[in-house]
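Given next are the chains, with one letter for each unit.
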Amino acid sequence: QVQLVESGGGLVQAGGSLRLSCAASGRTVSPYAMGWFRQAPGKEREFVAAIRRSYSNTYYGDSVKGRFTISRDNTKNTVYLQMNSLKPEDPAVYYCAAAEATNAPASTYSREVLYDYWGQGTQVTVSS
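Cut-off values and rules
Residues numbered from 1 in each chain as written. Predicted model: local features only at pLDDT ≥ 70, side-chain atom pairs only at ≥ 80, totals over all residues. Heavy atoms only, no water. Helix = DSSP H or I, 4+ residues; strand = E, 2+ residues; numbered from the N terminus. Polar contact = N/O pair within 3.5 Å; in protein donor to acceptor, adjacent residues only side chain to side chain. Salt bridge = Lys/Arg side-chain N within 4 Å of Asp/Glu carboxyl O. Buried < 20%, exposed > 50% of the residue type's maximum accessible area, 1.4 Å probe, protein only. Phe/Tyr/Trp six-rings, centres within 6.5 Å; stacked < 30°, edge-to-face > 60°. Lys NZ or Arg CZ within 6 Å of the ring centre and 35° of its normal. Core = buried A, V, L, I, M, F, W, Y, C linked by side-chain atoms within 4.5 Å. Contact = heavy atoms within 4.5 Å.

### Quick look at the side chain of T108
Logical step 1: Within the secondary structure, T108 sits in the loop between strand 9 (92-99) and strand 10 (117-118).
Logical step 2: At a separation of 2.8 Å, a polar atom in the side chain of T108 contacts the main-chain carbonyl oxygen of P105.

### Observations concerning the pattern of salt bridges
Logical step 1: Per the counting criterion, the structure on display carries four salt bridges.
Logical step 2: Close ionic contact of E46 with R38 constitutes a salt bridge, the shortest N to O distance being 2.9 Å.
Logical step 3: The exposure class of R38 is buried, given its relative accessible area of 4%.
Logical step 4: In this structure, a network of salt bridges that share partners links the residues R38, E46, R67 and D90.

### Let's talk about the packing of aromatic side chains
Logical step 1: Inspection of the entire model under this criterion finds five aromatic pairs.
Logical step 2: Measuring from ring centre to ring centre gives 5.5 Å for F37 and F47, while their planes differ by 70°; the resulting arrangement is edge-to-face. Placement of the pair is F37 in strand 4 (residues 33-39) and F47 in strand 5 (residues 46-52), with a sequence separation of 10 residues.
Logical step 3: Its relative accessible area of 1% is what places F37 among the buried residues.
Logical step 4: Note that R45 overlies the ring of Y95, its terminal NZ or CZ placed 4.1 Å from the centroid.

### Thoughts on the nonpolar core
Side chains of nonpolar character tend, in soluble globular proteins, to be buried together.
Logical step 1: Membership of the largest hydrophobic core comes to 27 residues, with the highest contact counts inside it found for L4, W36, L81, M83 and Y94.
Logical step 2: Breaking this core down by element, the ones donating at least two residues are strand 1 (2-7), strand 3 (18-26), strand 4, strand 5, strand 7 (68-73), strand 8 (78-83), strand 9 and strand 11 (122-127).
Logical step 3: Contact partners of L4, with chain neighbours within four places excluded, come to C22, A23, A24, M34, C96, A97, A98, Y117, W118, G119 and Q120.
Logical step 4: Membership of the second largest hydrophobic core comes to 11 residues, among which are A33, F37, A50 and Y115.

Here it is, written out as structure tokens:
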């Protein structure tokens, strides 16, 4: 199994930046793809970003395109989410996820069902 641990959450001012990290460990430390999701209280979990191990293909949810950047350090088995220009709608618990599938189409990267392992989440709060 793979264990995922998120870190980097906290309180930031609107318009500010924050970088989240997700470290993977366990039986499989280099999953096929890793993603970020977020969930605000009373709302559905939302896809944020995903990245493939091969060629570092990246994919983003519409709400964060142009503001967030996902990256991956395969040597460290860590994925990052750089969040810039944070908005009031961005506060949520951010979850890291890892997928072991090797032939999944890009259209599935935003679906929770693709991912086999999930972290416990890290809280992001935006102040005005």
